[in-house]
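Coordinate inspection notes
Spelled out from the first residue to the last, the chains are:
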Amino acid sequence: MVDSEDIDIENLQFFNRKITRRQAIAKATAAGAAIGVAIVAGAGGYLAGTSVSPGKSSTTTVTTTATQATTSAAGLGATPAERAVNAVKALKAAGKIPAGAKIRFLEAAFRAGNMTPKAGDVRTDPYTGKTIQTSINMLTKWEDLTGIPVEIDLLNDLQLYDKAISEATTKAGTWDFLGQRIDFLVDFINAGVALDLTDFETKYQPDIRTGNCQVVPVFAQGYYTSDGKYWGFPGCGDWFSYYNRRDLVTNPKLQSAFETQFGYQLPVNGPDTWDQVLDMARFFDGYKGTEQTLPDGTTSTLRGAYFFRDTWFSNIEFRIRFLELGGLLFDSNKNVTLDNQITRKALQDMKALVAYQARDAFTSSWPTMYPNYANKQVFQTISWASVAQFSASGPVGGQGFGVYLTPGYKVDNKLIRVTVLYDQTSYIVEKYGKLTSAVPDVPYLFGQWLTDPEISTQELANPGAISDYFRTCHGVDERMIGTFFAVWPPNPGIEPGRRGASEAFDVQFQALCGTWQLAGLHELQDLWGTQMNAYFTDVQDIDTTVRKMQQGTDGVMDRLGRDAQYQRWQYVMKTFPPALKTLHGIS
Amino acid sequence: MANKGRTSWLRRKFGFNVLLVMPLQVILNFVLIVPFALAIYLSLTDWSPITGPWYASPIVGAQNYVSILTTERFQQAIVNTLLIVGGAVTLEFAVGLVLALAFFSWDFRGKAVFASIFLVPMMVIPAISGFTFQTIFSTQGAINDVLSRVSGTVVAVDWLHVPWSALSAVILADAWQWTPFMFLLMYAGMTALPSDPIRAARVMGASERQIFLRIMLPMLRPIITIALIIRSLEAFKIFDVPFIMTQGGPGTTTETISIFLYKFAIQFARVAWASAGAIVIFIAIVIVTLWASKPLLPKAE
């Protein structure tokens, strides 16, 4: 035992060594600087050794080309799914897959239920109360078939963008397979996080554009770039249709009153134009009648419309109206053309509806909007397809609601209807993933297997319900249509006796415009959305709004390459629906 | 002897005192100096993750600084932040001071229990606080419900989509959460005041108001300054509450500097440009803090 008092501190050599504060700071700073330089040099060396920049030759050690084939695609199987499974088996047999290999999968949280239920599980449909058999767990099935496990992480779909860009920056290689929005694909390609799958497509033939697995062409555009390179697999794809209270528009008394007030007949089979939408909003807003009696016996004031006016949906509706009015993002001189009368007209018409909207329309909340519509508190809306099924279980059943084409504008006396693909997602292979780095074929083949339409059909955990718009990109595939729409109500808005709500989609395909694949689209959407929102909430006037949209868009185009952006826009224009192509003279 | 020899060797070679500070220096380098130096470097480049690797990005000099300082949205973010800081910190200080004075002046049963309850909001995670206030101010929230019951008509004001009320709601949410902090500091300051001057003033016939204004308040000045600086610095970085309540809207009327920088640096991958904004804000905060804390620094003889 040593008593601390016995230690002669004053005589210890260490404490006798005196330095000034200045010397101490100088030495510490020098040491710090040396360490700092070492850290930066180390990080730089690491990054220099692994990164790939667009358009430049790769210095990466990551394997980015398909492993040399030992078997031809035809010999691997008849369908994309068979070829995928057999190719993995062949790679395994050839010893090319490392022991303990697993696929790390980052997926949007709302889609996870489609592929991860346990076999034999049942769930209760939240809208109909019916018991539904869920599908088998696709990830387990893949592991059973190939012996390669899949670990799934879930995230909000917009945050997937941040994660992918982080992966591009850090090259951490956390995931091999990413669910992503097509809107942002160009950024992922430019950031170097998306693996070019062109060679793999040639080698394993996912049959996206040909054969019996054809994807709706307007969707397929999203998986390719204008140079023909292939980047991803069909994920979710959805668009919006117009819905209104069919029980009200078929009421003879209301029809007569409407005609008296507006001088034309109430559109029974859905409005043709946005002007009619506004007239109907005026007419039905605040309308009181027996139809307002809610299931619990209370009454509520009917609102004329429920079109979200938040930044997200405003972008969608603006694009629809902008295109329908004949708007183009660029003119032939590559100038951005947002500061014009077309944009003003679109935004002014959108704002005109605000007065007849449910107030909470400024917040996009589907859990609020669905009951609002189904409980007859709003007359009309634009929504996902599943609102039809949701409404069918409401107070008036399926007959009380009509599903119609998105309204249009008349340009040169011709009606133009457009529906934009907004929520199209895709699965990409992450270039820096651990398994991708070792054998990129495996995450690719997982994607090919998972998105084969036959496998996709099995993934539908809850056919026809809100979470099952997964795989709508296979909307021309009869197997998918049969499964997806099996539980949908008949659609009184479309010709009777046909396939119910799916029929609205068949027609809607004719008006679909492909995803706007532009670099920096995330930023552009925020720019447009916030400016529109500021206008709708009276923060600023129309001229300021349009000017800011134009200036901000010009800034993005200049920064990210106007020529390249113009080329991408040309690619988008190729997906215009026929009426729009005719309007702009596009062959 | 062997021990002495080793110490001498260390001293000769490195200077043992330098070795002692080395661990802290390493940590500082990793978490502070290198990222900060990197941020300064990046702010002088044209880098974005979607345009290539950072080390290959061209140097553009002060271009980002000029660009961001002339960006209307950045300027509005600064104004919004100042409004929130000014409104929230003033409210927090006023209410915190009044509460502290009440606790200091009156003795009542359950004082400790009440003090503990007052501190609860401070312990709530800001994201939860933001969500709670978003619910309260939504069209179908508590505020409209109360107003509907009182007025007898359906009130459905969309508080979070009207510029002035959205900003006020954010200020209220922040004040609700951080008034306890002010209360705590003020109360601690009051209890630490010397009692002699106060007693002497009372004996000499000073009113309670005069005692508070002329004796307590001047003596509380250092702690008030510290409290205001700490809260202002914290409020200046406000993110969670407005992001969850309004996401910066309507338009960009509640978009704070932190939300702005998060959006452009993380969501839109404009790292270099946003870095310039962060550096500008950092310099401004340092200058303001040095100025504000000047009265606390010892005066030269």
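This structure is a prediction, so every number in the text was calculated from the model and none was measured. (Residues numbered from 1 in each chain as written. Chains lettered and ligands numbered in written order. Predicted model: local features only at pLDDT ≥ 70, side-chain atom pairs only at ≥ 80, totals over all residues. Heavy atoms only, no water.)

The subject of this paragraph is helix α11 (residues 252-262) of chain A. Put simply, A:N251 is the residue that caps the front of α11(A), since its side-chain oxygen is 2.9 Å from the backbone nitrogen of A:K253. Once α11(A) ends, the next one or two residues include A:G263, with phi positive near 80°. (Polar contact = N/O pair within 3.5 Å; in protein donor to acceptor, adjacent residues only side chain to side chain. Helix = DSSP H or I, 4+ residues; strand = E, 2+ residues; numbered from the N terminus.)

All names here are of chain A. The antiparallel open sheet is built from three strands, whose spatial order is β8-β7-β9. Strand pairing shows two members of the sheet lacking a second neighbour, β8 (380-383) and β9 (401-404), which therefore form its edges. Between one strand and the next, the sheet's axes are offset by a mean angle of 25°, whatever the strand orientation. Note that strand β7 (residues 241-245) and β9 share four bridges and pair antiparallel. Across the sheet, N244 pairs through a bridge with G402, a residue of β9. Strands β7 and β8 of the sheet are contacted by helix α12 (residues 274-284), whose axis makes an angle of about 135° with β8. (Pairing = 2+ DSSP bridges. Axes fitted to C-alpha atoms, helices over the stretch in contact; angles between N-to-C directions. Contact = heavy atoms within 4.5 Å.)

Tallied over the entire structure, the rule returns 53 aromatic pairs over all chains. Ring centres of B:F103 and B:Y187 lie 5.9 Å apart, and the angle between their planes is 80°; on these two criteria the pair is classed as edge-to-face. One end of the pair, B:F103, is in helix α4 (residues 72-105); the other, B:Y187, is in helix α8 (residues 163-191), and 84 residues separate them in sequence. When its relative accessible area of 23% is taken as the criterion, B:Y187 is described as partly exposed. Each ring, one from B:F239 and one from B:Y262, has its centre 5.3 Å from the other, and the planes form 75°; the classification is edge-to-face. Here B:Y262 lies in helix α12 (residues 257-267) and B:F239 lies in the loop between α10 (208-236) and α11 (240-245), a separation of 23 residues in the sequence. By relative accessible area, B:F239 is classed as partly exposed at 23%. Ring pairing ties together the aromatic residues A:F105, A:W142, A:F177, A:F200, A:Y204, A:Y224, A:Y230, A:F233, A:Y427, A:Y444, A:F446 and A:W449, which thus form one cluster. In this structure, A:R319 is placed above the aromatic ring of A:W516, and the distance from its NZ or CZ to the ring centre is 4.8 Å. Sitting over the face of the ring of A:Y535, A:K351 holds its NZ or CZ atom 4.5 Å from the ring centroid. (Phe/Tyr/Trp six-rings, centres within 6.5 Å; stacked < 30°, edge-to-face > 60°. Buried < 20%, exposed > 50% of the residue type's maximum accessible area, 1.4 Å probe, protein only. Lys NZ or Arg CZ within 6 Å of the ring centre and 35° of its normal.)

This part takes up the sheet that holds strand β6 (residues 233-234) of chain A. Residue and element names in this part refer to chain A. Read across the open sheet, the five strands follow the order β4-β1-β5-β13-β6; overall the sheet is mixed. Edge positions in the sheet fall to β4 (150-155) and β6, since each of these pairs with one other strand and no more. Inspection of the sheet shows strand β1 (residues 103-108) paired to β4 by six bridges, in the parallel sense. Considered in β4, the bridge of I103 is made with V150.

Next up on the list: the packing of α12(B) against helix α13 (residues 271-292) of chain B. All names here are of chain B. The N-to-C vectors of α12 and α13 enclose an angle of 160°; their axes lie 8 Å apart at closest approach. When the axis of α12 is compared with that of α13, the two are roughly antiparallel. Along this stretch, α12 crosses α13, giving a crossing that reads as left-handed. Facing I257, F260, L261, F264 and A265 of α12, the residues of α13 in contact are V271, W273, A274, G277, A278 and I281. Grouping the amino acids of the contact of α12 with α13 by side-chain chemistry returns 10 nonpolar, one polar and no charged. (Parallel < 35°, antiparallel > 145°, perpendicular 65-115°, else oblique. Left-handed = near helix turned anticlockwise from the far one by under 90°. Nonpolar A, V, L, I, M, F, W, Y, C, P; charged D, E, K, R; others polar.)

Take the pattern of salt bridges next. Taken as a whole and assessed by the stated rule, the structure comprises 33 salt bridges over all chains. In the salt-bridge network here, residues are joined through shared partners; they are A:K102, A:R104, A:E151 and A:D153. (Salt bridge = Lys/Arg side-chain N within 4 Å of Asp/Glu carboxyl O.)

Looking now at the nonpolar core. Residues and elements named next belong to chain A. Core analysis: the largest hydrophobic core is formed by 106 residues, its most contacted members being L347, W516, W528 and W569. Two domains each donate at least three residues to this core, and these are domain 1 (73-239 + 425-484) and domain 2 (241-420 + 513-584). Here W516 is in contact with D183, R319, F322, L323, L329, L521, W528, W569 and V572, once residues within four sequence places are set aside. By size, the runner-up hydrophobic cluster in this structure holds 50 residues, among which are V85, A87, W142 and F219. (Core = buried A, V, L, I, M, F, W, Y, C linked by side-chain atoms within 4.5 Å. Domains from an automatic or database assignment.)

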